[in-house]
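What follows is each chain in one-letter form.
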Amino acid sequence: MELSEARLLDALAGLQAALGCLTLLLLRRIGSSYGRHSSPRLGWQMPARLAWVLQELPSLALPLLECARAAPSHLRRRPNALLLAMFLVHYAHRTLIFPFLIRGGKPTPLLIWMMAFMFCTFNGYLQGRYLSQYAEYSEDWVTDPRFLTGFALWLVGMLINIHSDHILRTLRKPGETGYKIPKVSTKRFKINRCSSLEGGKQVIMI
């Protein structure tokens with residue numbers, strides 16, 4: 001049974017990578033449909049804060065439930081515990097902090113929310129189950145240059161993501177809902193927005 005689940009997790013990881021490539025190709029052809037590109041034509045929409053909390057929640061809740069209900073023997077190893085902690089710190093921020101800092105975010109189309117919810121459910125199960133039950137790392141892995149490099153990239157990516165979100169958020173006055181671009185430099189806005197997205201992607205990839 002354990003062997004079959006280990007193979008399932010490997011298959012799901014491969015599927016996730018394939019879906020990521022497919023999504024990249026589709027977005028290059030049809031564009032995105034959320035945030036500033038959101039449209040009422042996409043159907044029923046959810047308030048931005050509620051959408052963020054609910055769509056990100058599985059990536060936080062599922063690993064925690066896995067740790068609580070099972071016998072997560074592998075989490076007694078420092079590498080496994082640290083890797084899962086890094087994952088949980090990111091999603092704790094995206095679920096419990098970031099949504100409540102949003103100022104006038106645009107509603108999220110239900111279809112886009114469902115896709116995000118499915119991804120976070122998929123990702124939460126995959127990461128939580130693999131790191132708590134199957135991942136094998138030696139105890140000295142935490143001092144390995146590869147781990148230290150990955151940790152540094154994760155930390156820098158998260159700080160970039162949080163700082164860039166703060167800059168973009170403070171461009172709006174209380175009650176404003178539109179997109180704000182600094183008058184001094186459109187380039188600065190583009191740099192900040194890309195930094196926020198790239199920082200987030202860097203955290204997830206690590």
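As shown above, the structure is provided for reference.
Quick caveat, the model's predicted, so the values are computed rather than measured.

### Points about the overall build of the protein chain
Item 1. When helices and strands are counted, the protein chain shows six helices and two strands.
Item 2. In sequence order, the secondary structure elements of the protein chain are arranged as α-β-α-α-β-α-α-α.
Item 3. By residue count, 35% of the 206 residues in the protein chain fall in the buried class.
Item 4. By element, 67% of the accessible surface of the protein chain is carried by carbon and sulfur atoms, the whole surface being about 12900 Å².

### As for the nonpolar core
Soluble, globular proteins show a tendency: their nonpolar side chains are buried together.
Item 1. Counting 16 residues, the largest nonpolar core has Leu83, Leu84, Tyr91, Leu131 and Phe147 as the members making the most contacts within it.
Item 2. Only α3 (78-97), α4 (110-133) and α5 (145-169) provide two or more residues apiece to this core.
Item 3. A per-element tally of this core places α3 first, with six residues.

### Let's talk about the packing of α3 against α4
Item 1. Taken N-terminus to C-terminus, the directions of α3 and α4 make an angle of 160 degrees; their axes are 9 Å apart at the nearest point. On the basis of their axis angle, the class for α3 and α4 is roughly antiparallel. The handedness of the crossing between α3 and α4 is left-handed. In contact with Asn80, Leu83, Leu84, Phe87 and Tyr91 of α3, α4 contributes Phe119, Cys120, Asn123, Gly124, Gln127, Gly128 and Leu131.
Item 2. By residue class, the composition of the contact of α3 with α4 is seven nonpolar, five polar and no charged.

Conventions and cut-offs
- Residues numbered from 1 in each chain as written.
- Predicted model: local features only at pLDDT ≥ 70, side-chain atom pairs only at ≥ 80, totals over all residues.
- Heavy atoms only, no water.
- Helix = DSSP H or I, 4+ residues; strand = E, 2+ residues; numbered from the N terminus.
- Buried < 20%, exposed > 50% of the residue type's maximum accessible area, 1.4 Å probe, protein only.
- Areas by Shrake-Rupley, 256 points an atom, 1.4 Å probe, with all protein chains shown as cover.
- Core = buried A, V, L, I, M, F, W, Y, C linked by side-chain atoms within 4.5 Å.
- Axes fitted to C-alpha atoms, helices over the stretch in contact; angles between N-to-C directions.
- Parallel < 35°, antiparallel > 145°, perpendicular 65-115°, else oblique.
- Left-handed = near helix turned anticlockwise from the far one by under 90°.
- Contact = heavy atoms within 4.5 Å.
- Nonpolar A, V, L, I, M, F, W, Y, C, P; charged D, E, K, R; others polar.

Any functional reading would require information beyond the geometric quantities listed.
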